[in-house]
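# Overview (structure and organization)
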Amino acid sequence: MKEDTKTKLTQNQQGSQEMCRTIEVVATVDHVDMSPPVMSPVVVSSNTGDDLNLIPPLNFAMVDNGIFRSGFPGSANFSFLQTLNLSSIIYLCPEPYPEANIEFLKSNGIRLFQFGIEGYKEPFVNIPEDTIREALKVVLDVRNHPVLIHCKRGKHRTGCLVGCLRKLQRWCLSSVFDEYQRFAAAKARVSDQRFMELFDVSSLKHLPMSFSCSKK
C-alpha cells in the first residue's frame, strides 16, 4: 500500500482582509474505505506501563455531538486528540500554527480552519462579527465533524463562538452566559457577553443543524 500526502492551501477573503486560512491534508491510499469516521469514546487507561497517557487540552469539553472545545493543544495532548478522530480544527488566533501541530494534522488527516481574531483586553476588545459568522458556518457543516474549536486558553474567543452557536440552538441568554462564565471564570468579560447578546443569528437559520443540546 502506498500513501501520498499533499497539502492544499486555500484563502477565503472578504473585501481586502483575509478571513479564513484553510490547511487541508489529503491522503490518497489504495483501496481505502472513504466512509465517514466513527467517533470512538474517550477511554483513559488505568495502566501506567507502556500505555499512552491521555491528557486533554486545557478547558477541554464536549459542546455537542461531534463538536469539542479547548485551549491550545500541545504535543502532550496529541494522543488524547487522536481518540476523538477529528476531521477538522477551528483555530481562532492570528498567530501561525506551530510546526509540531501542523505535522500532527498532516499525519492524522485533519483540516485546519484558521480565523485570526486578535486577543485584545478590555476596553479594547473588538470581536469581528463577520469572522464569527464564517466560523459558525464551518461548525454547522457536519462534513467538518468531529471538530475541535480552540483559541489560546479556550475562554474568550472560543467562548464567544460557542455562545453564538448556543443562540442558534435557541438557548436563553442566561444559559449562554452561565456556560461562558464557567470557562472564563474570573476572566469573564462584559464585552464578550454583550457581543453574544447582540449577535444576529438570522442569516444562519437557513443552515441545517443536527445537534442535540437545544433549549427553547
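Residues numbered from 1 in each chain as written. Predicted model: local features only at pLDDT ≥ 70, side-chain atom pairs only at ≥ 80, totals over all residues. Heavy atoms only, no water.

As recorded in an unreviewed UniProt entry, the protein chain goes by diphosphoinositol-polyphosphate diphosphatase and comes from Durio zibethinus.

Turning next to the overall build of the protein chain. Counting its regular elements, the protein chain contains six helices and seven strands. Along the protein chain, from the amino end to the carboxyl end, the secondary structure elements read β-β-β-β-α-β-α-β-α-β-α-α-α. Residue pairs in contact within the protein chain that sit at least 24 positions apart in sequence constitute 68% of those at least 6 positions apart. Just so you have it, the protein chain exposes about 12,100 Å², and 51% of that area is on carbon and sulfur atoms. (Helix = DSSP H or I, 4+ residues; strand = E, 2+ residues; numbered from the N terminus. Contact = heavy atoms within 4.5 Å. Areas by Shrake-Rupley, 256 points an atom, 1.4 Å probe, with all protein chains shown as cover.)

Before going further, it helps to examine the environment of F80. Mapped onto the secondary structure, F80 falls in helix α1 (residues 78-82). Through-space distance from the C-alpha of F80 to that of N53 is 7.9 Å; in sequence the pair is 27 residues apart.

So, about the nonpolar core. Counting 50 residues, the largest nonpolar core has I90, I132, L136 and L161 as its most contacted members. Discounting residues that sit within four places of it in the chain, L161 has contacts with I90, L92, I132, A135, L136, V139 and I149. (Core = buried A, V, L, I, M, F, W, Y, C linked by side-chain atoms within 4.5 Å. Buried < 20%, exposed > 50% of the residue type's maximum accessible area, 1.4 Å probe, protein only.)

For the rest of this paragraph, the subject is helix α6 (residues 190-198). Every buried residue of α6 is listed here: D192, Q193, F195 and M196. Viewed end-on, α6 has its buried residues packed into an arc of 155°, placing them on one side of the element. Seen from the buried face of α6, the exposed residues on the opposite side, beyond 90 degrees, are V190 and L198. Along its buried surface, α6 packs onto α3 (129-140), α4 (156-168) and α5 (173-184). (Arc of directions from axis to C-beta.)

If you walk through the whole model with that rule in mind, you get six salt bridges. Of the charged contacts, one joins K137 and E134 as a salt bridge, the two residues approaching to 3.2 Å between their closest N and O atoms. Pair noted here: K137 and E134 are both in helix α3, with a separation of three residues, about one helical turn. Salt-bridge contacts for R194 lead to E197; the nearest nitrogen and oxygen are separated by 3.5 Å. Taken together, the residues R194 and E197, both in helix α6 and three residues apart, mark about one turn of the helix. (Salt bridge = Lys/Arg side-chain N within 4 Å of Asp/Glu carboxyl O.)

Once that is clear, we can look at α4. An ideal rise of 1.5 Å per residue puts 18 Å on 13 residues; α4 measures up with 18 Å between its terminal C-alpha atoms. Among the 13 residues in α4, 13 count as buried, and that is most of the element. Positive backbone phi, approximately 65°, marks R170, located one or two places after α4. (Expected span 1.5 Å × (residues − 1).)

A few words on the side chain of N144. As for its placement among the helices and strands, N144 is situated in the loop between α3 and β7 (147-150). For N144, a relative accessible area of 6% translates into the label buried. A polar contact is formed between the side chain of N144 and the backbone oxygen of V138, at a distance of 3.0 Å. Ignoring sequence-local partners within four residues, the contact set of N144 consists of S87, S88, R111, F113 and V138. (Polar contact = N/O pair within 3.5 Å; in protein donor to acceptor, adjacent residues only side chain to side chain.)

Enumeration over the complete set of coordinates arrives at seven aromatic pairs. Pairing F60 with F80 gives two aromatic rings, centres 4.9 Å apart and planes at 85°, and the pair type is edge-to-face. With F60 in the loop between β2 (17-29) and β3 (61-64) and F80 in helix α1, the pair connects residues that are 20 residues apart, well separated along the chain. Look at F60 and you get partly exposed, because its relative accessible area is 24%. Considering the side-chain rings of F72 and Y97, the 5.5 Å spacing of their centres and the 40° angle between planes classify their relative orientation as tilted. Of this pair, F72 sits in the loop between β4 (67-70) and α1 while Y97 sits in the loop between β5 (88-91) and α2 (99-108), and the two are 25 residues apart along the sequence. Residue classification places Y97 among the buried positions, given a relative accessible area of 8%. In this structure an aromatic cluster arises from ring pairing among F60, F68 and F80. (Phe/Tyr/Trp six-rings, centres within 6.5 Å; stacked < 30°, edge-to-face > 60°.)

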